[in-house]
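A structural walkthrough
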Amino acid sequence: MSIDTDSPERARPEPIQAVPVRHPGRWVAVAVIGVLVAMFVHLLVTNEAFNWSFMVDNMFRPPIMAGVRGSLALLVTAMLIGIVLGVVIAIMRLSGNPILRGVAWAYTWFFRAVPRLVLAILFGNLGILWARIEFGLPFDRQIGALFGVQDFEARLFGFSATDILTGFVAGMLALGLSEAAYMAEIVRAGIQSVDEGQTEAAQALGMSQGQILRRIVLPQAMRVIVPPTGNETIAMLKDTSLVAFVPVSTELFFQIRAVGSRTFQVFPMLVAATIWYLLLSSVLLVGQYYLERHFAKGSGRAGQAKARLRGMAVGGGGATGGAGGV
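Residues numbered from 1 in each chain as written. Predicted model: local features only at pLDDT ≥ 70, side-chain atom pairs only at ≥ 80, totals over all residues. Heavy atoms only, no water.

A separate point is the nonpolar core. Core analysis: the biggest nonpolar cluster contains 45 residues, and Tyr 107, Phe 123, Leu 252, Ile 256 and Trp 276 have the highest contact counts within it. Mapped by element, the contributors of at least two residues to this core are α2 (52-58), α3 (62-93), α4 (98-113), α5 (116-124), α8 (167-192), α10 (209-239), α11 (252-263) and α12 (266-295). Not counting residues up to four positions away in its chain, the partners in contact with Leu 252 are Ile 64, Gly 67, Val 68, Ser 71, Trp 276 and Tyr 277. (Core = buried A, V, L, I, M, F, W, Y, C linked by side-chain atoms within 4.5 Å. Buried < 20%, exposed > 50% of the residue type's maximum accessible area, 1.4 Å probe, protein only. Helix = DSSP H or I, 4+ residues; strand = E, 2+ residues; numbered from the N terminus. Contact = heavy atoms within 4.5 Å.)

Take a look at the structure:
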């Protein structure tokens with residue numbers, strides 16, 4: 001008994017007539033954006049209020065360049081204070097000691113609540129509280145009076161408040177101490193993002209708490225810490241303009257505003273300040289990109305795939321070597 005397996009040839013389907021989806025809204029948006037860009041370029045070219053020749057002639061003069069260097073110095077010193085102190089405060093926030101946790105919380109609460117402009121002006125006027133800043137035994141006069149010794153002083157050395165609390169130092173402290181409160185929260189979030197198993201494994205190997213934090217936790221937390229730290233650095237660059245109200249004369253915005261006020265060309269110099277901050281922020285963005293790429297090695301899909309390939313290569317090499325030995 002045979003079964004006929006032949007079947008009639010299936011008819012070939014007609015080709016699909018694909019009709020692209022139309023997006024008229026996109027073309028309308030492109031036309032609107034094109035018109036707005038053309039209007040903006042026309043404004044830049046034809047409006048005499050910009051006074052481009054005056055702006056270009058003055059934005060690279062020695063006082064302005066000194067202001068650029070002063071702003072960069074403020075940025076670097078304030079961020080160093082903020083990062084180092086922020087790491088310490090973050091560790092205090094994660095400590096098992098309730099006193100340390102309370103002090104760290106109070107610090108972050110205060111410096112996150114007070115605006116940086118207010119802090120800068122406040123630190124600039126600290127000379128009102130002390131005529132001199134001296135170092136030695138605390139409460140020396142009170143201790144001397146307690147033991148019947150009049151005018152007892154146990155002070156090693158001191159400085160005049162006006163000499164040490166200059167405008168630059170006041171602005172640096174105001175910005176740095178304020179930044180430390182924000183960096184503490186960023187570092188704390190980065191530390192808490194690391195799996196606790198990493199700490200447990202390091203403890204099983206006999207590593208101390210300092211070694212675990214320095215060699216295990218912080219390197220892995222940097223992938224989370226670096227992006228917001230880059231944002232904070234760019235924000236700090238912009239906030240250096242606040243110390244012009246202290247005042248700090250060796251600062252970019254102070255010098256640009258001085259040139260504008262002296263020449264009655266305020267608007268062109270404000271545009272010059274905008275261009276300077278755009279250029280400096282762009283350089284910082286490039287640095288942030290490379291830092292993020294460095295600390296993100298092995299964390300993404302590509303990095304994990306490379307790690308697996310390296311593991312397979314090592315495993316294959318070991319197997320081959322073993323076979324050859326046999």
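Now that the structure is up, let's keep going.
To continue, consider the layout of surface pockets. If you add up the space inside the largest pocket, you get close to 310 Å³. Lining the largest pocket are 16 residues, with Ile 83, Val 226, Thr 229, Gly 230 and Leu 291 positioned closest to its centre. When contributions to the lining of the largest pocket are tallied by element, the ones reaching two or more residues are α3, α8, α10 and α12. At seven residues, the largest contribution of residues to the lining of the largest pocket is made by α10. Among the residues making up the lining of the largest pocket, the classes are represented as 11 nonpolar, five polar and no charged. (1 Å grid on protein atoms, 1.4 Å probe; cavity = no way out; pocket = protein on both sides within 12 Å on 5 of 7 lines; lining within 4 Å. Points joined across faces, edges and corners; volume = space filled by probe spheres on them. Nonpolar A, V, L, I, M, F, W, Y, C, P; charged D, E, K, R; others polar.)

A word on the pattern of salt bridges. Scanning all chains against the criterion turns up six salt bridges. Arg 61 serves as the salt-bridge partner of Asp 57, at 2.9 Å between the closest nitrogen and oxygen. Judged by relative accessible area, which is 44%, Asp 57 ranks as partly exposed. Put simply, Arg 93, Arg 112, Glu 185 and Arg 188 are held in one network by salt bridges that share partners. (Salt bridge = Lys/Arg side-chain N within 4 Å of Asp/Glu carboxyl O.)

By the secondary structure assignment, Thr 240 is in the loop between α10 and α11. Note: C-alpha distance between Thr 240 and Ser 71 (169 residues apart in sequence) is 6.1 Å. Setting aside anything within four residues of it in sequence, one finds Thr 240 in contact with Ser 71, Leu 74, Leu 75, Leu 175 and Glu 251.

The end-to-end C-alpha distance of α8, which contains 26 residues, comes to 38 Å, matching closely the 38 Å that a straight helix rising 1.5 Å per residue would cover. Bending of α8 peaks at approximately 25° at the position of Ala 181. Most of α8 sits inside the fold, with 19 of its 26 residues counted as buried. (Expected span 1.5 Å × (residues − 1). Bend = angle between axes of the 7 residues up to and from the residue.)

This structure, assessed with the given rule, holds seven aromatic pairs. Ring centres 6.1 Å apart and planes at 5° place the aromatic pair Trp 105 and Trp 109 in the stacked group. With Trp 105 and Trp 109 both in helix α4 and four residues apart, this pair spans about one turn of that helix. Taking 5.0 Å as the distance between ring centres and 90° as the angle between the ring planes, the aromatic pair formed by Phe 110 and Phe 111 counts as edge-to-face. Judged by its relative accessible area of 36%, Phe 110 is partly exposed. On the basis of relative accessibility, which here comes to 10%, the residue Phe 111 falls in the buried class. Each residue in the set Phe 50, Trp 52 and Phe 267 is aromatic and connected to the rest through ring pairs, giving one cluster. For the cation-ring pair, Arg 257 lies above Phe 245, with the distance from its terminal atom to the ring centre recorded as 5.2 Å. (Phe/Tyr/Trp six-rings, centres within 6.5 Å; stacked < 30°, edge-to-face > 60°. Lys NZ or Arg CZ within 6 Å of the ring centre and 35° of its normal.)

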